[in-house]
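# Reading the structure
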Amino acid sequence: MNTQNEKMTNYRWVICSMLFFATTVNYMDRQVLSLTWKDFIAPEFHWTNADYGNITATFSIIYALAMLFAGKFVDWMDTKKGYLWSIGVWSFGACLHALCGIGTEWVVGLDSAEALRIAEGADLVAKIASISVTFFIIARFVLAVGEAGNFPAAIKATAEFFPKKDRAFATSIFNAGATVGALAAPVSIPFIAASFGWELAFLIIGALGFVWMGFWVFIYKKPEAHPRVNASELSYIRQDNDHEPAGTTEAPAKKMPFMQCFTYKQTWAFAFGKFMTDGVWWFFLFWTPAYLSSVYGLDSTQSAPQIFVLYLITLLSIVGGWLPTYFVEKKGMHPYAGRMRSMLIFAFFPLLALLAQPLGGMTEEFGSLAVWFPVVIIGIAGAAHQAWSANIFSTVGDMFPRSAIATVTGIGGMAGGVGAFVINMSSGVLFDYATNTQMQFMGFKGIEAGYFIIFSICAVSYLIGWVVMKMLVPTYKKINL
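Helix and strand counts for the protein come out as 20 helices and two strands. Computed over C-alpha atoms, the radius of gyration of the protein comes to 23 Å, within 12% of the 23 Å expected from 2.2 N^0.38 for 481 residues, which places it in the range of a compact globule. In terms of principal-axis extent, the alpha carbons of the protein reach across some 75 × 50 × 40 Å. By residue count, 59% of the 481 residues in the protein fall in the buried class. For the protein, contacts bridging at least 24 residues in sequence account for 84% of all contacts bridging at least 6. Split by element, the accessible area of the protein, about 18700 Å² in all, is 68% carbon and sulfur. Once the 31 positive and 30 negative side-chain charges of the protein are each reduced to a mean point, those two points are 15 Å apart.

To continue, consider unusual backbone geometry. The phi torsion at His-46 lies on the positive side, around 65 degrees, for a residue other than glycine. The residue His-46 is located in the loop between α1 (12-45) and α2 (49-77) in this model. If you check the backbone angles, Met-442 has positive phi at about 55 degrees while not being a glycine.

Turning next to the pattern of salt bridges. Evaluated as defined, the whole model comprises eight salt bridges. The salt bridge involving Arg-12 is made with Glu-233; its shortest N-O contact spans 3.1 Å. With Arg-12 in helix α1 and Glu-233 in helix α11 (residues 231-237), the pair connects residues that are 221 residues apart, well separated along the chain. Overall, the relative accessible area of 4% leaves Arg-12 in the buried class. Residue Glu-233 is classed as buried on the basis of its relative accessible area of 0%. The closest approach of N and O atoms between Glu-147 and Arg-30, which form a salt bridge, is 2.6 Å. Of this pair, Glu-147 sits in helix α6 (residues 122-147) while Arg-30 sits in helix α1, and the two are 117 residues apart along the sequence. Among the charged side chains, a salt-bridge network with shared partners connects Asp-78, Glu-160 and Lys-222.

On to the nonpolar core. Grouped together as the largest cluster of nonpolar side chains are 135 residues, with contacts concentrated most on Leu-33, Ile-41, Trp-47, Phe-136, Phe-283 and Tyr-451. Looking at this core element by element, the count peaks at 16 residues for α1. Beyond its immediate chain neighbours, meaning those up to four positions away, Leu-33 contacts Ile-41, Trp-47, Tyr-52, Ile-55, Phe-136, Arg-140 and Phe-202. Core analysis: the next-biggest nonpolar cluster, separate from the first, contains five residues, Phe-327, Met-333, Phe-346 and Ala-387 among them.

Turning next to a nonpolar patch on the surface. Taken together, the side chains of Ile-345, Phe-349, Leu-352, Leu-354 and Leu-355 define a hydrophobic patch exposed on the protein surface, amounting to about 380 Å² of accessible area. Tracing the backbone through its elements, the reader meets Phe-349 in the loop between α15 (335-348) and α16 (356-360). Note on Phe-349: relative accessible area 39%, which makes it partly exposed.

Inspection of the secondary structure assignment puts Ile-318 in helix α14 (residues 318-331). For Ile-318 and Ile-173, which are 145 residues apart along the polypeptide, the C-alpha to C-alpha distance reads 6.0 Å. For Ile-318, the contacting residues outside a window of four places in its chain are Phe-169, Ser-172 and Ala-176.

Turning to the packing of α1 against helix α3 (residues 79-96), a few remarks are in order. The description of two packed helices rests on the angle between their axes and on the distance between the axes. Running from N to C, α1 and α3 point in directions that differ by 25 degrees, and their axes come no closer than 10 Å. The orientation of α1 with respect to α3, classified from their angle, is roughly parallel. Note on packing geometry: the crossing formed by α1 with α3 is left-handed. Residues Leu-19, Ala-22, Val-25, Asn-26 and Asp-29 of α1 pack against Tyr-83, Ile-87, Trp-90 and Ala-94 of α3.

Right, let's talk about the side chain of Thr-158 for a bit. Following the sequence through the fold, Thr-158 ends up in helix α7 (residues 150-161). In contact with Thr-158, not counting residues within four places along its chain, are Leu-19, Arg-167, Ala-170, Thr-171 and Phe-174.

An α-helical turn contains 3.6 residues, so any two residues separated by three or four positions project in the same direction. With 34 residues, α1 extends 47 Å between its outermost C-alpha atoms, agreeing within 8% with the 50 Å of an ideal straight helix rising 1.5 Å per residue. The axis of α1 is deflected most strongly, by about 80 degrees, at Trp-37. In terms of residue burial, α1 counts as a mostly covered element, since 26 of its 34 residues are buried. Two residues or fewer after α1 comes His-46, characterised by a positive phi angle close to 65 degrees.

This part is about α2. With 29 residues, α2 extends 39 Å between its outermost C-alpha atoms, agreeing within 8% with the 42 Å of an ideal straight helix rising 1.5 Å per residue. Along α2, the helix axis deviates most sharply at Met-67, where the bend reaches about 35 degrees. Within two residues after α2, Asp-78 carries a phi angle of roughly 80 degrees, on the positive side.

Relative orientation of the contacting elements helix α9 (residues 189-196) and helix α10 (residues 198-219) amounts to 130 degrees, with a least axis distance of 7 Å. Overall, the two elements α9 and α10 adopt an arrangement that is oblique. Along this stretch, α9 crosses α10, giving a crossing that reads as right-handed. Where α9 approaches α10, its residues Ile-189, Ile-192, Ala-193 and Phe-196 are matched on the opposing element by Trp-198, Leu-200, Ala-201, Ile-204 and Ile-205. In the contact of α9 with α10, the residues fall into nine nonpolar, no polar and no charged.

This next bit is on the side chain of Ser-293. Within the secondary structure layout, Ser-293 lies in helix α12 (residues 265-296). Residues contacting Ser-293, with those up to four places away along its chain left out, are Lys-38 and Leu-298.

This next bit is on the environment of Ser-427. Tracing the chain through its elements places Ser-427 in helix α19 (residues 402-437). Setting aside chain neighbours within four positions, we find Ser-427 in contact with Phe-283, Trp-287 and Ile-454.

On inspection of all chains with the given rule, the structure shows 49 aromatic pairs. Measuring from centroid to centroid gives 6.1 Å for Trp-13 and Phe-169, while their planes differ by 70 degrees, and the two rings are edge-to-face. In this pair, Trp-13 sits in helix α1 while Phe-169 sits in helix α8 (residues 164-184), placing the two residues 156 residues apart along the sequence. Taking the centre distance of 6.1 Å and the plane angle of 80 degrees together, the rings of Trp-281 and Tyr-311 count as edge-to-face. Of the two residues, Trp-281 sits in helix α12 while Tyr-311 sits in helix α13 (residues 304-314), which places them 30 residues apart along the sequence.

Here is what the cut-offs are and how they apply
- Sequence order sets the numbering: in each chain, residues are counted from 1 along the sequence as written.
- Totals for whole chains, interfaces and linings use all residues, but because this is a predicted model, local features are given only for residues with pLDDT of at least 70 and pairs of side-chain atoms are given and counted only at 80 or more.
- Computation of side-chain values: all heavy atoms of the structure, hydrogens and water removed.
- Numbering of helices and strands runs from the N terminus, with a helix taken as a DSSP run of H or I at least four residues long and a strand as a DSSP run of E at least two residues long.
- Our radius of gyration looks at C-alpha atoms and nothing else; its globule reference is 2.2 Å times the residue count to the power 0.38.
- For every residue, the accessible area obtained with a 1.4 Å probe (protein chains only) is divided by the maximum for its type, and the residue is called buried under 20%, exposed over 50%, and partly exposed between those limits.
- The contact criterion used is simple: two residues touch if any of their non-hydrogen atoms lie within 4.5 Å.
- All accessibility values rest on the Shrake-Rupley procedure with a 1.4 Å probe; residue burial counts only the protein chains present in the view.
- For the charge count, each Lys or Arg is scored as positive and each Asp or Glu as negative, with His and the chain ends excluded.
- We put the charge of a Lys on NZ, of an Arg on CZ, of an Asp on CG and of a Glu on CD.
- The term salt bridge refers to a pairing of a side-chain nitrogen on Lys or Arg with a carboxyl oxygen on Asp or Glu at a separation within 4 Å.
- Each nonpolar core is a collection of buried residues, namely Ala, Val, Leu, Ile, Met, Phe, Trp, Tyr and Cys, held together in the definition by side-chain atoms within 4.5 Å.
- Residues enter a patch when their relative accessible area is above 30% and they make no salt bridge; the linking distance is 9 Å between like charges and 5 Å between nonpolar side chains (Val, Leu, Ile, Met, Phe, Trp, Tyr).
- Note on geometry: axes are lines fitted to C-alpha atoms, helical ones only across the stretch in contact, with angles between N-to-C directions running from 0 to 180 degrees.
- Orientation is classified from the angle alone, with under 35 degrees giving roughly parallel, over 145 giving roughly antiparallel, 65 to 115 giving roughly perpendicular, and any other angle giving oblique.
- Here a crossing is taken to be left-handed if its near helix is turned anticlockwise relative to the far helix by less than a right angle, and right-handed if that turn runs clockwise.
- A helix's residues, less one, multiplied by 1.5 Å, set its expected span.
- Bend at a given residue is defined as the angle between two axes, one fitted to the seven residues that end at that position and one fitted to the seven that begin there.
- Each residue gets one of three labels, nonpolar for Ala, Val, Leu, Ile, Met, Phe, Trp, Tyr, Cys and Pro, charged for Asp, Glu, Lys and Arg, and polar for the others, Gly among them.
- Aromatic pairs are defined between Phe, Tyr and Trp rings, using the six-membered ring for Trp, whenever the two ring centres lie within 6.5 Å; interplanar angles under 30 degrees are classed as stacked, those over 60 as edge-to-face, and all others as tilted.

Here's what the structure looks like:
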């Protein structure tokens, strides 16, 4: 078919918008706990920072282990069915949190949540905390298993609908859903919890995923088979050398054995980059509300403006998807080289986190305005992370065949989850220790010293990750089956 005079359709952007909304729901589901535990759940179940740290760390490690198999599952089920299973499981897990209070009451033998709140005695308090944490870990387990499929499926769909030069930009757009989800969460979830109870907050946000599934069933088909993708758009999508010419039926892709993925330096480079940096984003996501509460005395409703602005700044990450395209089209660089240069630029911005606590502590000079220094800095670091993330995800599509993209993405996601487990578990322990002992470090005391230590680790993680990735894969090398 002659496609030269045919106006190209743009259905690939409809698919990108669906990936965006799925990622938005994904991150809203993650945020419900971080925005309700301090003011609503902890007083009811007597949680400490360590309890919350254990729950978030357990979520991270389960997510990590599930990612190892989620990518292979998505490659096996293929994009449409794999995504449906993923979002269905995580939406069920999100709603399951609402039953944790009932389960705790039943096991402890108390008649109501009010009885839990007024319970006295160290043994009973410890029992309530322990049992409730166990129930929330079970709910987080289901949530983590389902959410592990989001990025493998989204990256696979992006590779199916976009040429290499556009994948980082498309990824940055759908990955911005993480920011929008985090943006919408603080201006909705605490107020739902305050008005109707924290249980309903989990149910309402969890139900959004089931709505998305209804649209996905009718919207998604492979570009070769989709009636709303014309030959001109298909030719554009299939412009890379590793695709068949437009208008042809794609032969069944040869599958890469799971263990074979681990034999390539490209897999290890991607995994190490994720290990060093995913935990930073998850720390900001899970602990920023607690940070504003512990250091500045702002509860979840009072801190809503700060968290909203923080994630509004993070939307600047969309530039991260455009920058490699600029290097490719204007500077003539190879897509992989353009991505690595972009990632190096983004790796320098998190260094600003070294100043978050020092500037935030200048309350004598700036009063209540001092809180905005760490908020803006964390927002910039978050934008840099999302820009970095869009590009590191796209390196998988650059170097691996499409039949292995979800699998390798899952392996990297597992490594990122392990990094998140380490930082969340250690943060909870460190913050309780710093508070109880009034630890001093670099001029900071108590929990502020604890946060300064974690901010410092977050600041240098990206540069370390980039250097090791560059050492493992100094130049582009395509893997062929």
